[in-house]
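Examining the three-dimensional arrangement
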Amino acid sequence: MAEILTVCPQHGGPRNERKQKMNFKRILSLICSVIMIFSAAAVIPSGAAGDLPFRDVPENKWFFSPVKTVYEAGIMNGITEDTFRPNDPMTRGQFVTIIARVSGEDVTGMAAEAKFTDTAKKRFYSDALGWCVKNGLINGYPDGSFGPDRPILRQEFAAGFVR
């Protein structure tokens with residue numbers, strides 16, 4: 001039986017089909033991770049942290065396991081060494097950092113790609129922001145700013161996530 005091979009001249013054929021499947025898996029993984037992250041951000045903290053370093057993520061709360069998962073996977077860190085602040089809104093700087101970490105790409109040295117009026121080159125989000133800009137995942141505001149410390153709006157999250 002002959003194998004049928006579909007070749008798309010515009011996209012280069014079977015190799016790109018595999019690449020598209022891998023991109024889909026990456027996007028699906030990203031979606032699952034972000035859902036867990038946003039789930040963990042909606043509860044008022046209390047108590048002790050169990051085997052996490054965060055005193056505001058008690059073991060008996062429903063969000064303990066998702067927070068532990070994203071922390072151990074290196075997707076999210078605490079706001080300080082011993083606080084996660086699960087009830088705080090996510091900032092735009094935190095969002096790009098998480099997106100870059102979930103991508104698995106090495107973003108080291110990418111800060112120069114982000115040419116916004118209000119971002120520093122040596123902040124926790126700098127390289128991740130540069131990577132997101134270079135890959136067309138996030139935009140700044142019309143005035144040339146990015147607003148790294150502003151909470152990310154749901155519409156901005158949706159736009160960045162879909163890109």
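Structure first, text after, so check above.
What this report covers is the structure whose coordinates are included nearby. Per chain, the residues get numbers from 1 upward, laid out in the order the sequence is written. Per-residue local features are limited, in this predicted model, to residues with pLDDT of at least 70; the limit for side-chain atom pairs, both in listing and counting, is 80 or more; totals at the level of whole chains, interfaces and linings are taken over all residues. For side-chain calculations, the full set of non-hydrogen atoms in the structure is used, while hydrogens and water are omitted.

This part is about the overall build of the protein chain. A helix here means a DSSP run of H or I that spans at least four residues, while a strand means a run of E at least two residues long, and both kinds are numbered starting from the N terminus. Helix and strand counts for the protein chain stand at 5 helices and 0 strands. Counted from the first residue to the last, the protein chain has its helices and strands arranged as α-α-α-α-α. Type-normalised accessible area, obtained with a 1.4 Å probe on protein chains alone, sets the label of each residue: buried when under 20%, exposed when over 50%, and partly exposed for intermediate values. The buried share among the 163 residues of the protein chain stands at 37%. The contact criterion used throughout is that any non-hydrogen atoms of two residues lie within 4.5 Å. Of the contacts formed within the protein chain by residues at least 6 apart in sequence, a portion of 57% connects residues at least 24 apart.

Any Lys or Arg side-chain nitrogen located within 4 Å of an Asp or Glu carboxyl oxygen qualifies as a salt bridge. Evaluated as defined, the whole model comprises 5 salt bridges. Between Asp 82 and Arg 55 there is a salt bridge, and its shortest N-O distance comes to 2.5 Å. Within this pair, whereas Asp 82 is found in the loop between helix H2 (64-72) and helix H3 (92-103), its partner Arg 55 is found in the loop between helix H1 (14-40) and H2, the two being separated by 27 residues in sequence. Take Asp 82: its relative accessible area is 33%, and that puts it in the partly exposed class. For Arg 55, a relative accessible area of 48% gives the class partly exposed.

Take H3 next. By this rule the span expected of a helix is its residue count minus one, scaled by 1.5 Å. A rise of 1.5 Å per residue sets the reference length of H3, with its 12 residues, at 16 Å; its end C-alpha atoms lie 17 Å apart and thus fit the reference within 8%. Counting buried positions over the 12 residues of H3 gives 10, a clear majority of the element. Taken together, the buried positions of H3 are Arg 92, Gly 93, Phe 95, Val 96, Thr 97, Ile 98, Ile 99, Ala 100, Val 102 and Ser 103. Directly beyond the C-terminal end of H3, a positive phi value near 80° is found at Gly 104.

Take helix H5 (residues 154-162) next. Turning to H5, its buried residues number three or more, namely Glu 156, Phe 157, Gly 160 and Phe 161. Looking straight down H5, one finds that the buried residues subtend no more than 125° of arc, so they occupy a single side. Exposed side of H5, more than 90 degrees from the buried face: Arg 154, Gln 155 and Val 162 are the residues found there. Directions drawn from the helix axis to the C-beta atoms are what define this arc.

With that out of the way, let us pick up the environment of Asn 87. Looking at the element boundaries, Asn 87 is found in the loop between H2 and H3. Between the C-alpha atoms of Asn 87 and Asp 56, which are 31 residues apart in sequence, the distance is 9.6 Å.

Note that all results are geometric; they support no functional claim without further evidence.
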